[in-house]
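Chain residues, written in single-letter form:
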Amino acid sequence: MEFVGAVVGWFTDPVNWSGDDSIPIRLAEHLLLSVVPLVVALLIGLPLASWVGHTGRFAGLAVNVSNIGRAIPSLAIMALAAMLLNRWLVDIGLRREAGEISTMVAMAALAIPPIVTNAYVGISEVERELIEAARGMGMTGLQVLRRVEIPLALPVILAGVRTAAVQVVATATLGAVFGTGGLGRYIIDGIAQRKEEEVFAGALIVAALSIGTELAFAVIQRRAVSAGLRGQPTPAVREPAQVGLPNAGI
Amino acid sequence: MDWAWLGRNLDDLALRTLDHVVMTVLAIGIGSAISFGLALWIRRRRFLHGPILAVSGTLYAIPSLALFALLIPFTGPQSLLAAEIALVSYTILILVRNFLAGFDGVPPDVVEAADGMGYTPAQRLWRVELPIALPVIVAGMRIATVTVIGLVTVTALIGLGGLGYVIIELGYRRFNLTATIAGTIGAILLAVLADRGFVLLQRVLTPWAARRRTA
């Protein structure tokens, strides 16, 4: 009970609600640290997967790269990015931003595989007859992609986006190890300074943010699906191109 | 790459790799036992399906570092118990789903035939349903194991880590790129070996599948 009191005390302490190390600032840092890599990963991943899914070219390669990506721990990718990029970033005058930038690069790289795998699987599994019917109606390749393949694959595509989003919020926490801001600071600094209530309180906020992200994207996913597709069972999950599960090492 | 450093630290690297393997095996072993029990329970009481998957899904959404951090105040720092509780809880969502999918994939007429031959429910489970469900169960084990091998590295941040210790404490914190690369390659190799190992295990345990392939 004493510990619960300490955690409640931490949350109600005015020090934690104003200034550089306050909850609102850490939360804003965390969101920025998450949104930028997610957007970059979407801008790279979705066009790539659409092209691979539509043409069927390099499909094996895309799936294999994604599967290999699952075997590399996120923490290792982040450490490698920090060690390889930070010196160069300092050299070009970005000393203060180096940790943030190298972490975001690693996070974007980590978010691409779930986006690509799901979008590719979704698009490539649209039934051939539907595509042929669309072609027969005189649609061009791009029109088939935009009006038939993407809407039909949308539930699976969005499942990948949701996986990537939850994963990005999780890996942003690890950024604190590499000198970024964000909510991970409470956990990493709290462990170093043996402030257990701060560790616990920080972890609670991170957990709430992750679950909130998961739920928010679940709502988006449900809203964005075409009415004609609602109520249909989601495609079964198969191996080894696992759809809907995050990479190793969140 | 600093090959001299690698040579000097082979013993330590081997020990850290062993730690990594032990932590992974513990999590997968305990996680499989719990998930098997939960799957059997859900099969008997269907209404538990939603709640159990919702709880394990929620746990799955919590970042590993946060889950470790939530447990440390109760277990103390550098706690293997905290690490294993978190690792096991991540395996449960994957494993329960695949145990259930495996059991659901057993054709009803096969179950009926087993009943007709006088199998007790336990005999039917062990001799008929589990063998048929095995490929889907092993698929779940593969994903769970690769995931846990990655997550074990994060326990470096609470003072454990296996190869994660090599990547972060020996590598990143001491500007030793060789250590980080060695730890990373070690973790990838473990994941690939475990994955291939499960594929082999599945082949050995389901010899009829191979016969069907060649036929």
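For clarity, every value in this text was computed on a predicted model and none was experimentally measured.

Thresholds applied
Residues numbered from 1 in each chain as written. Chains lettered and ligands numbered in written order. Predicted model: local features only at pLDDT ≥ 70, side-chain atom pairs only at ≥ 80, totals over all residues. Helix = DSSP H or I, 4+ residues; strand = E, 2+ residues; numbered from the N terminus. Buried ≥ 20, exposed ≤ 12 C-beta atoms within 10 Å, placed from the backbone. Contact = placed C-beta atoms within 7 Å. Axes fitted to C-alpha atoms, helices over the stretch in contact; angles between N-to-C directions. Parallel < 35°, antiparallel > 145°, perpendicular 65-115°, else oblique. Left-handed = near helix turned anticlockwise from the far one by under 90°. Nonpolar A, V, L, I, M, F, W, Y, C, P; charged D, E, K, R; others polar. pLDDT = per-residue confidence, 0-100.

The helix and strand inventory of chain B stands at 10 helices and 0 strands. If you list the helices and strands of chain B from N to C, you get α-α-α-α-α-α-α-α-α-α. Principal-axis analysis of the C-alpha atoms gives chain B an extent of 65 × 45 × 20 Å. A total of 215 residues make up chain B; the buried ones form 42% of that total. Residue pairs in contact within chain B that sit at least 24 positions apart in sequence constitute 72% of those at least 6 positions apart.

Moving on, we get to the packing of helix α2 (residues 10-44) of chain B against helix α7 (residues 121-154) of chain B. All names here are of chain B. Axis separation between α2 and α7 bottoms out at 9 Å; the angle between their running directions is 135°. Regarding the angle of α2 to α7, the classification is oblique. Every pair of crossing elements has a handedness; the one defined by α2 and α7 is right-handed. Residues His20, Met23, Thr24, Ala27, Ile28, Gly31 and Ser32 of α2 pack against Met141, Ala144, Thr145, Val148, Ile149 and Val152 of α7.

Our focus in this paragraph is the interface of chain A and chain B. Counting from both sides, the interface comprises 37 residues of chain A and, opposite them, 37 residues of chain B. Secondary-structure elements contributing two or more residues to the side of chain A that touches chain B are α3 (59-71), α4 (74-91), α7 (141-174), α8 (184-192) and α9 (196-224) of chain A. Of all the elements, α9 of chain A adds the most residues to the side of chain A that touches chain B, at 10 residues. In terms of residue class, the side of chain A that touches chain B is built from 26 nonpolar, 7 polar and 4 charged.

Here helix α8 (residues 163-171) of chain B lies mainly inside the structure; 8 of its 9 residues are buried. Burial in α8 of chain B covers these residues: Leu163, Gly164, Tyr165, Val166, Ile167, Ile168, Leu170 and Gly171 of chain B. Those residues of α8 of chain B hidden inside the fold are in contact with α4 of chain A together with α2, α7 and α9 (177-205) of chain B.

With 99% of its residues at a pLDDT of 70 or more, chain B shows a mean pLDDT of 93. Here helix α10 (residues 207-214) of chain B stands out as the least confident element of chain B, with mean pLDDT 73; α8 of chain B is the most confident, with 97.

Here we come to the confidence of the model for chain A. Put simply, chain A has an average pLDDT of 87, and 90% of its residues get 70 or more. Note on residues 234-244 of chain A: pLDDT under 50 across the span, and 21 contacts to partners over four residues away in sequence or across chains.

Backbone geometry places phenylalanine 58 of chain A, a non-glycine residue, at a positive phi of 55°. Summarising the element assignment, phenylalanine 58 of chain A is placed in the loop between α2 (23-55) and α3. The class for phenylalanine 58 of chain A is partly exposed, based on 14 C-beta atoms found within 10 Å. Look at phenylalanine 175 of chain B: it is not a glycine, yet its phi comes out positive at around 55°.

Bringing the environment of threonine 180 of chain B into the picture now. With respect to the secondary-structure elements, threonine 180 of chain B resides in helix α9. C-alpha of threonine 180 of chain B to C-alpha of glutamate 169 of chain B: the two residues are 11 residues apart in sequence and 8.9 Å apart in space. Residue contacts for threonine 180 of chain B: discarding those within four places in its chain leaves Ala79, Leu80 and Met83 of chain A together with Ile167, Gly171 and Tyr172 of chain B.

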